[in-house]
Amino acid sequence: MPTNPDPVTLSQVARRAAEVVDPADEDPDVADLLATFEDADEPISGVLDGLEERVAEAVGRIDADETLPAVQMMGAVITYLGHRRDEVSDVEADILRLAARAEFDDHPPEIIEEWLADQGVSL
């Protein structure tokens, strides 16, 4: 008898977002943001109504000046994948491109554009 897959949790989406923006697991700020969502085991579909605010608050605690592009993009990826759970396993560059487009209405700040370019991602 087939079973439905377990729902994707906020912590799983946050882990995937951290993998996408910091594949080498070297950025302590990304690790700090990930720790914020470490125990968020509720299905992400159940927290969509407040997801953007929750993510913005967490990102703001780590990067209040919006000068850490990896943290900013991790927040964008969490929010994006929360709404597009079917893309969690997509190629990292595609996730980054689509999350940046969605988060910044196709016009990310220069610091984000430069960071994306360093990752080999063009909008």
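Residues numbered from 1 in each chain as written. Predicted model: local features only at pLDDT ≥ 70, side-chain atom pairs only at ≥ 80, totals over all residues. Heavy atoms only, no water.

### Focus on the overall build of the protein
The following threshold applies: In this description a helix means any DSSP run of H or I spanning at least four residues, a strand means any run of E spanning at least two, and both kinds are numbered starting from the N terminus. To get the radius of gyration, use the C-alpha atoms; to get the globule rule, take the number of residues to the power 0.38 and multiply by 2.2 Å. When a residue's accessible area, from a 1.4 Å probe over protein chains only, is under 20% of the maximum for its type it is buried; when over 50% it is exposed; and in between it is partly exposed. Contact definition: two residues touch when any of their heavy atoms are within 4.5 Å. Exposure was quantified through the Shrake-Rupley algorithm and a 1.4 Å probe, taking into account, for residues, occlusion by the shown protein chains and nothing else. When charges are counted, Lys and Arg contribute as positive and Asp and Glu as negative, whereas His and the chain ends are disregarded. Throughout, a charge is located at the NZ atom of Lys, the CZ atom of Arg, the CG atom of Asp or the CD atom of Glu.
When you go through the protein residue by residue, the secondary structure sums to six helices and zero strands. Overall, the protein shows an N-to-C arrangement of helices and strands of α-α-α-α-α-α. The C-alpha radius of gyration of the protein comes to 14 Å, within 12% of the 14 Å expected for a compact globule of 123 residues. For the protein, the spread of C-alpha atoms along the principal axes amounts to about 50 × 30 × 25 Å. Counting only residues that meet the buried cut, the protein has 40% of its 123 residues in that class. Across the protein, every contact between residues at least 6 apart in sequence was considered, and the portion connecting residues at least 24 apart equals 66%. Counting only carbon and sulfur atoms, one obtains 45% of the accessible surface of the protein, whose full area is about 7,100 Å². Here the protein carries 8 positive and 31 negative side-chain charges, and the mean point of each set is 7 Å from the other.

### Some thoughts on the nonpolar core
Note the threshold: By convention a nonpolar core is built from buried Ala, Val, Leu, Ile, Met, Phe, Trp, Tyr and Cys residues, the set being connected through side-chain atoms within 4.5 Å.
Formed by 36 residues in total, the largest nonpolar core has its most connected members in Met73, Val77, Ile78 and Leu96. Looking at this core, the elements with two or more residues in it are helix 1 (10-21), helix 2 (28-36), helix 3 (48-62), helix 4 (69-83), helix 5 (92-104) and helix 6 (110-118). Sorting elements by how many residues they give to this core places helix 4 first, with nine residues. Not counting residues up to four positions away in its chain, the partners in contact with isoleucine 78 are Leu10, Val13, Ala14, Ala17, Phe37, Ile44, Leu51 and Val55.

### Concerning unusual backbone geometry
A positive phi angle, close to 55°, is found at glutamate 66, a residue other than glycine. Tracing the backbone shows glutamate 66 in the loop between helix 3 and helix 4. Although it is not a glycine, aspartate 106 adopts a positive phi angle of roughly 65°. The residue aspartate 106 is located in the loop between helix 5 and helix 6 in this model.

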